[in-house]
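# Secondary and tertiary structure notes
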Amino acid sequence: MNSTVFQETFQRLSAEIEKAIVGQPDLVHGLLVAVVAGGHVLIEGAPGLGKTLVVRALSQVSGLGFKRVQFTPDLMPGDVTGSSIYDRQTGGFTFVPGPVFTQLLLADEINRAPAKTQSALLEAMQEHQVTTDATTRALPRPFLVIATQNPIESQGTYPLPEAQLDRFLLKLTMQNPPADVEAEIVKRHAAGFDPQELSHLEAVAKDAELIAMGKLALRVRIDDAVTRYIVDLVGRTRNDRQLELGASPRASISMLRTAQVVAAAAGRDFVTPDDVKAMARPVLRHRVLLHPDAELQGITVEERIEDILRSAPVPRVAS
Amino acid sequence: MRTARLAAVVAALLLTAPASVARADPEASRQAALSGDAVAFCSTPKLPLSAESLELCHLAKEIPACEGLAKACDEALAPKPKRSAGAGWLDTLAPLGYALGRALLWIFVAGVAAALLVPIVRGILAWARSRRARDFPEARARQARVRTDPAALAPALRREAREILGRAETAESTGALGEAIALYLAAALRALDERGHIALARHRTNGEYVRACQDAALRRPLAEMTLAADAIEFGGRAPDPDRARAVGDRARALLRALSFLTVLAALPGLACAGRGGTKRAVDDPAGLEVFREIARGEGYAVQGLGGSIATLPIPKEGEKTFLLVLDASRVQLSDDASSRLLRWVGAGGSLLLLGEPARWPKALGAKPRATGSRDVTVQVDDGEVFHDVTVRVSQPGALTWPGAEAIAVAGGEPFAARVALDRGVIVGLARPDPFTNVGLSQEGAGDVAMALVEQARPVDGTEIRVARPEDGVTPPGNPLSALSRAGLSVGLVHAVPFLALLFLHAGIRHARARPAPEPTRRAFVEHVRATGAFYMKARAHEHAVHEYAKHAREVLRARAPRDATLAQYVAWRANVPEREVTRLLEPRTPGITRKGAAAHIRAVRDLLDRAAEPKERTRA
């Protein structure tokens with residue numbers, strides 16, 4: 001794998017997914033960055049915007065094993081991780097793996113399950129393994145959780161705890177498409193597009209390629225000035241008076257990893273502040289918590305992040 | 001006799017006169033200039049008539065096509081009717097109006113005084129508040145942060161694009177290639193910012209500038225420069241001369257392209273300002289618009305002077321100059337402008353000076369002279385022979401100019417004369433009429449005007465510049481003198497205290513940091529005391545005594561060492577008998593009165609205070 005192959009594969013993946021998803025280039029780019037960086041993604045958007053579709057399209061074009069779990073209030077941790085079942089024939093317990101044993105897990109409407117079920121994913125997301133009945137089982141590589149949630153409904157939902165939110169590499173948001181994009185979507189459906197049938201999408205990469213891309217991205221150079229810029233940005237979230245909770249050092253690492261992938265996808269072997277800034281919003285938005293006073297004033301996390309990005313000077317040598 | 005001598009002089013001058021421009025036919029040019037749709041100075045002149053226009057009234061009445069101007073002259077020069085007797089009641093109202101005006105003036109003054117005093121008082125209060133705020137350590141820290149926070153926008157980006165480009169070229173020539181590439185990029189960014197394609201800010205990345213660049217054609221070279229600069233700055237690449245040269249070329253090309261685009265953008269405006277769709281009406285009888293058109297028709301390039309006479313560039317020897325047409329009756333020359341004008345002429349400039357000699361620069365020594373005739377005769381070369389052409393002026397006028405040779409006469413006296421001043425030439429006319437719009441409405445006036453221009457223009461000169469009234473004024477040396485000249489000196493003086501007041505009122509608030517509000521959360525002890533007071537008010541004094549004693553026990557137990565009982569420790573700390581301590585901290589107070597409860601709580605509080613006092617260590 002070299003940088004040219006990386007760039008081509010990345011562009012091929014992106015183009016193939018966009019055959020099914022119209023007008024969401026940022027979402028597709030973010031998803032691919034997370035896949036290459038080996039991080040989990042939380043997608044937030046209103047119903048009907050194509051959250052599930054984009055994940056299914058990703059699984060199709062990336063050739064990754066795919067399973068889906070619909071999170072419901074009565075979902076139990078064992079329904080996700082799997083459980084040991086008594087086998088009459090052998091007279092012993094046999095472990096039946098849950099849907100988590102896959103490469104790409106879609107946790108649909110993750111906030112509809114109670115905290116204990118959500119927490120069942122903590123170990124899997126962080127350590128890529130599952131422990132049940134004192135036995136630890138490794139998950140296949142690469143392992144990615146893509147969770148979706150609806151920002152509108154609050155009844156019957158369980159907000160994700162901060163510890164779990166921090167484990168998501170990126171939080172991507174989906175907005176309603178503009179009129180021309182929506183018209184294009186409707187035209188496609190009129191022409192016979194079936195969102196359930198994605199077999200026309202070609203698998204343009206394999207899991208081994210994605211792992212190789214991830215390893216190549218790790219070799220992308222990070223200048224000290226860029227590192228300082230990342231630390232400065234994250235540090236500013238901790239010193240912001242409107243934020244109750246700032247981003248953790250894990251956010252700095254996430255920003256670094258994703259910026260490396262963005263740089264590699266652009267055909268560069270070094271990271272620029274532009275790459276960092278491009279990933280700052282999806283990396284930070286779920287890792288900071290608004291102060292209650294700010295929340296009452298109607299200030300949003302996005303606004304605070306924008307202000308922080310505007311206040312942080314970009315490293316520049318010309319002086 | 002005098003006319004014959006003049007003819008000889010003119011013939012000699014014309015023989016030594018500079019090579020003529022490709023002359024067409026001045027009279028034809030004159031007819032063409034007067035036939036334009038916008039020519040209105042004779043039919044519907046600009047009203048009210050200016051003093052210069054009124055000077056031309058006599059002439060206007062003799063020109064058949066100028067009835068409109070003649071009528072306007074009659075109306076302007078007619079005696080004003082006296083006020084009718086019926087208007088006497090207005091006179092009685094005048095004192096009343098005066099008194100009312102004075103009252104309104106005083107109300108206005110009072111309002112202004114109040115408007116000034118209110119900000120003063122508020123400013124003082126704000127100052128006092130901010131002084132208190134200074135004592136808060138948090139505010140001080142925030143001020144320090146603001147002071148020490150460096151303006152991260154690189155200083156290079158605050159300079160002019162050309163200046164940064166110069167620095168970049170210097171850096172490249174001295175071998176500082178990395179710096180040169182960064183500066184080339186900075187120059188390009190600054191140039192784009194100056195022209196509004198991007199907006200520089202310290203938080204924006206190079207990639208954002210590329211994406212934000214409004215001109216798609218400039219985006220690609222900018223992206224290439226950005227990549228080259230980033231590769232060195234963040235990619236650790238060693239800068240090489242080829243790369244520096246390539247980036248430099250792109251930066252220069254980008255700056256050139258931007259300059260070209262600016263000129264292109266300005267062209268429509270220039271066209272409109274010239275003779276585009278918004279063509280201005282030629283309605284000033286004393287204007288020089290018809291002369292300009294005739295001169296253009298004769299092959300001259302005619303334009304305004306485009307700057308003050310006081311800053312005219314002095315030509316070097318042999319340098320090509322232009323003919324400056326200056327109507328002294330309209331362009332009032334300052335002392336600086338007069339001396340500069342004469343220096344310019346001496347260095348090779350050519351001047352056609354119109355108007356009364358009294359308004360010419362004093363150093364020329366020209367004076368007006370009486371004459372009885374309004375007919376001005378000039379010898380005109382029609383290409384084959386010289387012949388006299390006579391035009392009429394509005395008022396008789398002539399001049400006396402020592403050392404000058406007459407080139408036009410009026411009633412036997414010199415009307416126009418020519419003098420050589422070192423390397424330059426001045427042709428002066430006693431009146432501007434032959435060059436004015438009305439003057440050029442006469443038959444033969446075109447020939448006369450162009451014959452006089454021929455006498456004045458420099459060798460091979462084909463450029464005529466016409467001075468505007470404001471060109472005679474010396475430009476101000478600084479913004480303050482400009483304001484002062486505009487009559488705003490008093491306003492400036494008033495502005496100084498007003499600015500001070502404004503600062504006291506508003507600026508001081510921004511200059512000082514505000515203290516963070518006190519946290520509203522109560523301390524635990526304060527909470528307990530407040531709760532106790534509440535119990536007392538609610539007549540639950542038994543409960544209050546119990547709760548307060550409990551609180552005291554908890555506080556003291558936290559301080560007491562592990563190996564001592566609470567009563568022993570407190571008795572030792574507070575120098576109170578152990579039994580008394582036990583009574584106070586383990587109250588059995590059934591049926592205690594309100595007063596008794598208050599005394600008990602006071603005693604417990606006193607015990608707490610005494611136990612908290614530092615104890616002198618005694619050696620056992």
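The preceding data block contains the structure.
Residues numbered from 1 in each chain as written. Chains lettered and ligands numbered in written order. Predicted model: local features only at pLDDT ≥ 70, side-chain atom pairs only at ≥ 80, totals over all residues. Heavy atoms only, no water.

Bringing the overall build of chain A into the picture now. Along its length, chain A carries 13 helices and 11 strands. Here chain A holds 319 residues, and the buried ones make up 52% of them. Of the contacts formed within chain A by residues at least 6 apart in sequence, a portion of 77% connects residues at least 24 apart. As displayed, chain A has an accessible area near 14,300 Å², and 51% of this comes from carbon and sulfur atoms. (Helix = DSSP H or I, 4+ residues; strand = E, 2+ residues; numbered from the N terminus. Buried < 20%, exposed > 50% of the residue type's maximum accessible area, 1.4 Å probe, protein only. Contact = heavy atoms within 4.5 Å. Areas by Shrake-Rupley, 256 points an atom, 1.4 Å probe, with all protein chains shown as cover.)

Tallying secondary structure elements over chain B gives 21 helices and 11 strands in all. In chain B, 71% of the contacts between residues at least 6 apart in sequence involve partners at least 24 apart.

Residue and element names in this part refer to chain B. Tallying each qualifying case throughout the model produces 41 salt bridges over all chains. Where Arg 252 meets Glu 169, a salt bridge forms, and the shortest distance between an N and an O atom there is 2.7 Å. Residue Arg 252 is found in helix H12 (residues 241-273), and its partner Glu 169 is found in helix H8 (residues 161-173); the two are separated by 83 residues along the sequence. Classification of Arg 252 by relative accessible area gives partly exposed; the value is 22%. Overall, Glu 169 belongs to the partly exposed group, its relative accessible area being 32%. (Salt bridge = Lys/Arg side-chain N within 4 Å of Asp/Glu carboxyl O.)

Before going further, it helps to examine the sheet that holds strand E1 (residues 301-304) of chain B. All names here are of chain B. One open sheet holds the nine strands; their spatial order is E1-E11-E2-E3-E10-E9-E8-E5-E6, and the pairing between them is mixed. The outermost strands of the open sheet, each flanked by one partner alone, are E1 and strand E6 (386-392). For this sheet, the mean inter-axis angle between neighbouring strands, taken without regard to orientation, is 25°. Note: E1 against strand E11 (residues 463-466), four bridges, orientation parallel. Paired with Ala 301 across the bridge in E11 is Glu 463. Together, E1, strand E2 (323-327) and E11 form the strand contacts of helix H13 (residues 289-297), whose direction differs from that of E1 by roughly 150°. (Pairing = 2+ DSSP bridges. Axes fitted to C-alpha atoms, helices over the stretch in contact; angles between N-to-C directions.)

This brings us to the nonpolar core. Side chains of nonpolar character tend, in soluble globular proteins, to be buried together. All names here are of chain B. Membership of the largest hydrophobic core comes to 80 residues, with the highest contact counts inside it found for Ile 309, Leu 324, Leu 326, Leu 352, Phe 435 and Ile 464. Broken down by element, this core gets its largest block of residues, eight residues, from helix H15 (residues 445-456). Among all residues touching Phe 435, those that are not within four sequence positions of it are Gly 287, Leu 288, Phe 291, Leu 352, Leu 354, Leu 429, Leu 440, Ala 449, Leu 452 and Val 453. (Core = buried A, V, L, I, M, F, W, Y, C linked by side-chain atoms within 4.5 Å.)

We now examine the environment of Ala 72 of chain B. Residue and element names in this part refer to chain B. Here Ala 72 lies in helix H5 (residues 67-77). Remark: the alpha-carbon pair of Ala 72 and Cys 42, spanning 30 residues in sequence, is separated by 9.7 Å. For Ala 72, the contacting residues outside a window of four places in its chain are Pro 45, Leu 47 and Leu 49.

Moving on to the sheet that holds strand E9 (residues 168-173) of chain A. Residues and elements named next belong to chain A. Pairing in this open sheet of five strands is parallel, and the strands run E2-E5-E8-E1-E9 from one edge to the other. The open sheet has two edge strands, strand E2 (66-70) and E9, and neither has a second partner. Averaged over all pairs of adjacent strands, the angle between strand axes in this sheet comes to 20°, irrespective of strand direction. Of the strand pairs in this sheet, strand E1 (residues 40-44) and E9 are connected by five bridges, and their pairing is parallel. Bridging from a neighbouring strand, Glu 44 pairs with Thr 173 of E9.

Now for helix H2 (residues 25-37) of chain A. An α-helical turn contains 3.6 residues, so a residue and the one three or four places further along point in the same direction. Residues and elements named next belong to chain A. The end-to-end C-alpha separation of H2 is 18 Å, in line with the 18 Å expected for 13 residues at 1.5 Å each. Within H2 the residues assigned to the buried category are Leu 27, Val 28, Gly 30, Leu 31, Leu 32, Val 33, Ala 34, Val 35 and Val 36. Downstream of H2 by a residue or two, Gly 38 has a phi angle that is positive, lying close to 75°. (Expected span 1.5 Å × (residues − 1).)

Residue and element names in this part refer to chain B. Taking 1.5 Å of rise per residue, the 13 residues of H8 would be expected to cover 18 Å, and the 18 Å separating its terminal C-alpha atoms lies within 8% of that figure. Among the residues making up H8, those that are buried are Ala 161, Ile 164, Leu 165, Ala 168 and Ala 171. Down the axis, H8 shows its buried residues gathered within 120° of arc, on one side only. Exposed and oriented more than 90 degrees from the buried face of H8 are Arg 162 and Ser 173. Positive phi appears at Gly 175, one or two residues downstream of H8, with a value of about 90°. (Arc of directions from axis to C-beta.)

For the rest of this paragraph, the subject is the state of the cysteines. Residue and element names in this part refer to chain B. Scanning the entire structure with this criterion turns up two disulfides over all chains. The side chain of Cys 42 participates in a disulfide bridge whose partner is Cys 66; the two sulfur atoms lie 1.7 Å from each other. Residue Cys 42 is located in the loop between helix H2 (26-34) and helix H3 (51-55), and its partner Cys 66 is located in the loop between helix H4 (57-62) and H5; the two are separated by 24 residues in the primary sequence. A disulfide bridge connects Cys 57 with Cys 73, and the sulfur atoms are separated by 2.0 Å. Taking the sign of the torsion about the S-S bond as the criterion, the disulfide between Cys 57 and Cys 73, at about -80°, is left-handed. Remark: Cys 73 occurs in helix H5 and Cys 57 occurs in helix H4; sequence separation between them is 16 residues. Judged by relative accessible area, Cys 73 falls into the buried class, the value being 0%. By sequence order of its bonded cysteines, chain B has the disulfide arrangement 1-3, 2-4. (Disulfide = S-S within 2.5 Å.)

For the rest of this paragraph, the subject is the packing of helix H1 (residues 3-17) of chain A against helix H10 (residues 249-265) of chain A. All names here are of chain A. Direction vectors running N to C along H1 and H10 enclose 95°, while the axes themselves pass 8 Å from each other. On the basis of the axis angle, H1 is roughly perpendicular to H10. Judged by residue contacts, Phe 6, Gln 7 and Phe 10 of H1 engage Val 261, Ala 264 and Ala 265 from H10. Residues that form the contact of H1 with H10 fall into these classes: five nonpolar, one polar and no charged. (Parallel < 35°, antiparallel > 145°, perpendicular 65-115°, else oblique. Nonpolar A, V, L, I, M, F, W, Y, C, P; charged D, E, K, R; others polar.)

The subject of this paragraph is the packing of aromatic side chains. Enumeration over the complete set of coordinates arrives at seven aromatic pairs over all chains. Taking the centre distance of 5.9 Å and the plane angle of 75° together, the rings of Phe 95 of chain A and Phe 101 of chain A count as edge-to-face. On the basis of relative accessible area, Phe 95 of chain A is assigned to the buried category, the value being 17%. Ring plane angle 35° and centroid distance 5.1 Å describe the contact between Phe 322 of chain B and Trp 344 of chain B, whose orientation is recorded as tilted. A residue pair is termed long-range when its members are at least 10 positions apart, and Phe 322 of chain B in the loop between E1 and E2 and Trp 344 of chain B in helix H14 (residues 335-346) qualify at 22 residues. Here Arg 137 of chain A stacks its cationic end above the ring of Phe 95 of chain A, 3.6 Å away from the centre of that ring. Its guanidinium or amino end placed over the ring of Phe 322 of chain B, Arg 465 of chain B lies 4.2 Å from that ring's centre, counting from NZ or CZ. (Phe/Tyr/Trp six-rings, centres within 6.5 Å; stacked < 30°, edge-to-face > 60°. Lys NZ or Arg CZ within 6 Å of the ring centre and 35° of its normal.)

As a further point, take the pairing of strand E8 (residues 144-149) of chain A. Residues and elements named next belong to chain A. Judged by how many residues are buried, E8 sits mostly within the fold: six of six residues are covered. The alternating pattern of E8 places Leu 144, Ile 146 and Thr 148 and Val 145, Ala 147 and Gln 149 on opposite faces, both of which are buried. Pairing between E1 and E8: four bridges, direction parallel. Counterpart to Ile 43 in the pairing with E8 is Thr 148. In terms of strand pairing, strand E5 (residues 104-108) meets E8 through four bridges, oriented parallel. Paired with Leu 106 across the strands is Ile 146, a residue of E8.

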